Amino acid sequence: MNDYRVIFCVCYLLLFVPVISKAQSISGTVTNCPDNQPLAGVTVKIAGASLGTTTGNEGNYVLNNVKPGVHILEFSFVGLKTVKKEIRIEGKQKKTDFNVCMEDASSELGEVVVEAKSPVQRVKESSFNVVAIDATSLQNTTLDLAHAMSRASGVKIRESGGLGSDLHFSLNGFSGRHVKFFMDGVPMEGMGASFQINNIPVNLAERIEIYKGVVPVGFGADAIGGAVNIVTNQRRRTFVDASCSYGSFNTHRSSINAGYTAKNGFMVELNAFQNYSDNNYWIENAVKDLESGQINSDHIERVRRFHDTYHNETVILRTGFVNKSFADRLVISLNTGKTYKETQNGVRQDVVYGQKHSRGETLMPSLQYVKRNLLLEGLDVNLTANYNKNLMHNLDTATFEFNWRGESKYNGGKIGEQRYQDSKYENKNGNMTFTAHYRINDYHSLILNNVFTSFDRNTRSSPESTLLATDTMPKVSQKNVAGLSYKLNFKNRWNISFFGKHYLQYSKGPKDVSTDTGHTSYAIFSETFTATGYGIAGTYFWKDFQGKVSYEKTYRLPTDNELFGNEELERGSTGLKAENSNNYNLNLSYSHDFDRTHFVHVDAGYILRNTKDYIRRVTDSYSGKYYASHINHGYVRNISLEGEVRYSYRNIVSAGINATSQNIRDNEPETMGTSASTTYRARIPNIPYFFASGDVEGVWKNFIRKASHLSFGYNSNYVHAFPLYSERHGSTSKSEVPTQLSHDVSLTYTIGNGRYNITAECKNLTDEKLYDNFSLQKPGRAFYLKVRYFLSFNK
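The structure displayed is predicted, hence computed values, not measured ones.

Definitions and limits used
- Residues numbered from 1 in each chain as written.
- Predicted model: local features only at pLDDT ≥ 70, side-chain atom pairs only at ≥ 80, totals over all residues.
- Heavy atoms only, no water.
- Helix = DSSP H or I, 4+ residues; strand = E, 2+ residues; numbered from the N terminus.
- Buried < 20%, exposed > 50% of the residue type's maximum accessible area, 1.4 Å probe, protein only.
- Areas by Shrake-Rupley, 256 points an atom, 1.4 Å probe, with all protein chains shown as cover.
- Phe/Tyr/Trp six-rings, centres within 6.5 Å; stacked < 30°, edge-to-face > 60°.
- Salt bridge = Lys/Arg side-chain N within 4 Å of Asp/Glu carboxyl O.
- Pairing = 2+ DSSP bridges.
- Axes fitted to C-alpha atoms, helices over the stretch in contact; angles between N-to-C directions.
- Contact = heavy atoms within 4.5 Å.
- Polar contact = N/O pair within 3.5 Å; in protein donor to acceptor, adjacent residues only side chain to side chain.
- Core = buried A, V, L, I, M, F, W, Y, C linked by side-chain atoms within 4.5 Å.
- Patch = residues over 30% accessible without salt bridge, like charges linked within 9 Å, V, L, I, M, F, W, Y side chains within 5 Å.
- pLDDT = per-residue confidence, 0-100.

1. Regarding the overall build of the chain
Phase 1: Summing up its helical and strand segments, the chain has 5 helices and 50 strands in all.
Phase 2: Residues counted as buried form 53% of the 795 residues belonging to the chain.
Phase 3: Carbon and sulfur atoms make up 55% of the accessible area of the chain, which totals about 35,400 Å².

Here it is, written out as structure tokens:
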């Protein structure tokens, strides 16, 4: 692994060697008029010269090696009026800033109007099976990133409770760590408990890209279920976006995002948010009699959760330079956060805790360097590096036992509620990501990507803690994923990509080597794994239709939590094998705009995954306590079908519905390689196999006063019942998560073209009993009120 560190250090140093040319450069941002939104894919060139480029997703462009003198700068895009501007480059100038606003060309083209494509549209039209969510349209809601994603087809969010509870993200049947998360292309793995998708407000994002199955090389992902890329707004701007909300269960959330960019390119940005909730909602459960120690499962009581408080605070500070001759973006940032979480119950609701809790602290400095046309025209590089120090403190020092009524009984001494614990563990995570994108010409391009991550955990416990044999053993993991991709693009009619990836992982930690059932004996185990994957993705456009097809041979390396646990309710499984899968994706979509009045979009997808050494989360018992762990299951086949229909009318009314059916089957014919498996070709249990969602939104423009709008939103979610255990296991298959249908409504009033906003929401309107996991009940009906202030200064 040291070789990879050397390679990355060399790449890093090379980028900062003074290789900057003394030649002049022209840079700026291209937007549309009058909305002032960035335009991607605009051709920028100097008339009469071969020098040219295209704008990126944020509308930015850079032309290097421009000779002094007078030039005609030309901006062109289908459906927009071509802009030609004279610009004078002085000999002493190193850089010239030139921003352009482009107008609609409808007056010149008669009835034919083709609008510039937004970043969301450009992502959707790639050759990969991807859904792009416009997060800006959700920023007046109380949604976090996780629940914003739940509105997309194929996505299922499974929570164990209320705000701050454990969350498992499922994409077309593959859940948890089968799906990788990125923020602006940087892996989120190891970023700490205070910076996760279920506590980050949607206001932090501009869009969310959900890749299903095959993942582009540019992310360097070891994923078999797909990837999610959260894209923040990195445009050059000065703005303030502040919001706060309050609601049921004493839940209050607030955030502030503010940034300033000077004319010389200096920028500073602040992102801060906090979440708090008592989570004291009502549930129904049998109550343990503390005197007899018995639970009468036939007697169900309505009780209130009493030990489930959660809060977190996160602050991110960024500063640096943008649109300079030496860098399009050179930014250093510091992310710091704290969390506090009380644990009300174990992995099953029958187990009640009254004092067990944990605290966490995160400190993460990071660096980002982005340069378009580095050294030669068409070569764009992006380098990011971060180091995260995450400290967790688990406390389980109670001398009492509790039940759901909040009653307590002395438990006989310092044995704790799960196990006596006053321990701290420190996770040290490092990441370095390097991406080079070379556009050879309009038809050919290459992408090189390399992602290196490291993990190291140290555990410290008080003398009175009940130590496990694994507590003092080293827990180390290092990964490197390298990829190379070639893309052929033919006149925007079709394109195809070929790619390959190399995977490397080194892990070291405790492993149970005991052969006796019911006993454990741990020894330090280390292993190095290498493999090579490959794939192809293509798309074709015909009138209003787009077809996509892709295939990938991919590997998914075990995560740190799967290997080493979380020192609380999850036990480690060092020695897990990497999953490997053959993924096939087929997608067909239709979009049509009828006279710029009615818009219809229809999308259908088919996904097939044949997976070997599938890693599955299971629940087991150890010393009378329930824990979760992970195992390699063998062969699993997943066939997923999904569809979506959306309609909108003049940006006044929009509606959509999507549904997902996933058939995940156990394809392992033998158990432990010896006897026939009783679950061969049976459905994998404890995974939803059919779910759907729908939404309707209406806007009453200029309500009461000009530039003020009233909007109504409705969202529903349906999940069909699914079994906890295999359907082949007789009476145990009767345990199931029931069929559920929930409804959410919202009302938003905006004043001053979105400067002032107030939103009222009701979640779970009909107060349904909702479960994502067996016996773990989620909150009932809840009300929330959010106010938001947004101000942007266009420079």
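2. Some details on the packing of aromatic side chains
Phase 1: On inspection of all chains with the given rule, the structure shows 24 aromatic pairs.
Phase 2: Measuring from centroid to centroid gives 5.9 Å for F529 and Y555, while their planes differ by 55 degrees, and the two rings are tilted. With F529 in strand β32 (residues 522-542) and Y555 in strand β33 (residues 545-556), this residue pair connects regions lying 26 residues apart in the sequence.
Phase 3: By relative accessible area, which is 14% here, Y555 ends up buried.

3. A closer look at the pattern of salt bridges
Phase 1: A complete count under the given rule lists 27 salt bridges for this structure.
Phase 2: Here E562 and R556 are joined by a salt bridge, their closest N and O atoms 2.8 Å apart. R556 carries the same exposure label as E562, and that label is buried.

4. Some remarks on the sheet that holds strand β9 (residues 130-134)
Phase 1: If you walk across this open sheet you meet the 5 strands as β9-β15-β16-β13-β14, and the pairing is mixed. The outermost strands of the open sheet, each flanked by one partner alone, are β9 and β14 (186-187).
Phase 2: Pairing between β9 and strand β15 (residues 207-212): 5 bridges, direction antiparallel. Looking at β15, one finds that I133 is bridged to I208.

5. Some points on unusual backbone geometry
Phase 1: Positive phi is not limited to glycine here, since I704 has a value of about 70 degrees.
Phase 2: What makes I704 exposed here is its relative accessible area of 70%.
Phase 3: The phi dihedral of N764 falls on the positive side, at around 55 degrees, and the residue is not glycine.
Phase 4: Assignment of secondary structure puts N764 in the loop between β47 (756-763) and β48 (771-773).
Phase 5: Classification of N764 by relative accessible area gives buried; the value is 4%.

6. Examining the sheet that holds strand β2 (residues 43-46)
Phase 1: Read across the sheet, 4 strands follow the order β3-β2-β5-β6 without closing on themselves; strand pairing throughout is antiparallel. Of all the strands in the sheet, the pair left with one neighbour each is β3 (52-54) and β6 (83-89). The mean angle between the axes of side-by-side strands here comes to 20 degrees, regardless of whether they run parallel or antiparallel.
Phase 2: By the bridge criterion, 4 bridges tie β2 to strand β5 (residues 69-76) in an arrangement that is antiparallel.

7. Quick notes on the pairing of β15
Phase 1: Extensive coverage of β15 is indicated by the burial of 6 of its 6 residues.
Phase 2: Residues of β15 alternate between two faces, with R207, E209 and Y211 on one and I208, I210 and K212 on the opposite face, all of them buried.
Phase 3: Two elements, β15 and strand β16 (residues 226-231), share 6 bridges in a ladder whose sense is antiparallel. Each residue of the ladder has a partner; that of K212, found in β16, is G226.

8. A look at the environment of A227
Phase 1: Its location among the elements puts A227 in strand β16.
Phase 2: Judged by relative accessible area, which is 0%, A227 ranks as buried.
Phase 3: Every residue in contact with A227, bar those within four places of it in the chain, is listed here: V179, K180, F182, E209, I210, Y211 and V215.

9. Some remarks on the side chain of H393
Phase 1: Checked against the element boundaries, H393 lands in strand β25 (residues 379-396).
Phase 2: Separated by 2.7 Å, the side chains of H393 and D422 make a polar contact.
Phase 3: The contacts of H393, once residues within four sequence positions are left out, are H357, S358, R359, D422, S423 and K424.

10. Considering the nonpolar core
Phase 1: Formed by 34 residues in total, the largest nonpolar core has its most connected members in L145, M149, F169, I197 and I210.
Phase 2: Listing elements by their share of this core, those giving two or more residues are β9, α4 (145-149), β10 (155-159), β11 (167-171), β13 (179-183), β15 and β16.
Phase 3: Grouped together as the second largest cluster of nonpolar side chains are 19 residues, I26, V42, I46 and F98 included.

11. Focus: a nonpolar patch on the surface
Phase 1: Side chains of I256, Y260, F266, V268, L270, V315, L317 and F321 sit close together on the surface and give an oily, nonpolar patch of about 590 Å² of accessible area.
Phase 2: Among the elements of the structure, β18 (251-261), β19 (266-277) and β22 (310-322) are those that each provide at least two residues to the nonpolar patch.
Phase 3: For V315, the position within the fold is in strand β22.

12. Re the environment of P216
Phase 1: Mapped onto the elements of the fold, P216 is located in the loop between β15 and β16.
Phase 2: The spacing of P216 and S127 is 89 residues in sequence and 9.4 Å in space, taken between C-alpha atoms.
Phase 3: The residues touching P216, leaving out its near neighbours within four places in the chain, are F128, Y211 and K501.

13. Digging into the environment of M191
Phase 1: Structurally, M191 is set in the loop between β14 and β15.
Phase 2: Residue classification places M191 among the buried positions, given a relative accessible area of 7%.
Phase 3: If we ignore the near neighbours within four places in the chain, the residues touching M191 are V186, Q196, T362, M364 and N388.

14. So, the pairing of strand β20 (residues 282-288)
Phase 1: Of the strand pairs in this sheet, β20 and strand β21 (residues 295-304) are connected by 6 bridges, and their pairing is antiparallel. Within β21, the residue paired with K288 across the bridge is I295.
Phase 2: Here β20 folds back onto β21, and the loop between the two strands holds 6 residues, one of which, G293, carries a positive phi near 80 degrees.

15. Describing the side chain of N335
Phase 1: Along the polypeptide, N335 turns up in strand β23 (residues 329-342).
Phase 2: Leaving out residues up to four positions away in the same chain, N335 has contacts with F195, T314, V315, I316, T362, L363 and M364.

16. Overview of the confidence of the model for the chain
Phase 1: With 87% of its residues at a pLDDT of 70 or more, the chain has an overall mean of 83.
Phase 2: Mean pLDDT across the elements of the chain ranges from a minimum in helix α2 (residues 106-109), with 38, to a maximum in β47, with 96.
Phase 3: For residues 1-22, every residue scores under 50 in pLDDT, and the model assigns this stretch 32 contacts once sequence neighbours within four places are set aside.
Phase 4: Here residues 106-116 scores under 50 on pLDDT; set against residues more than four positions off or in separate chains, the count is 14 contacts.

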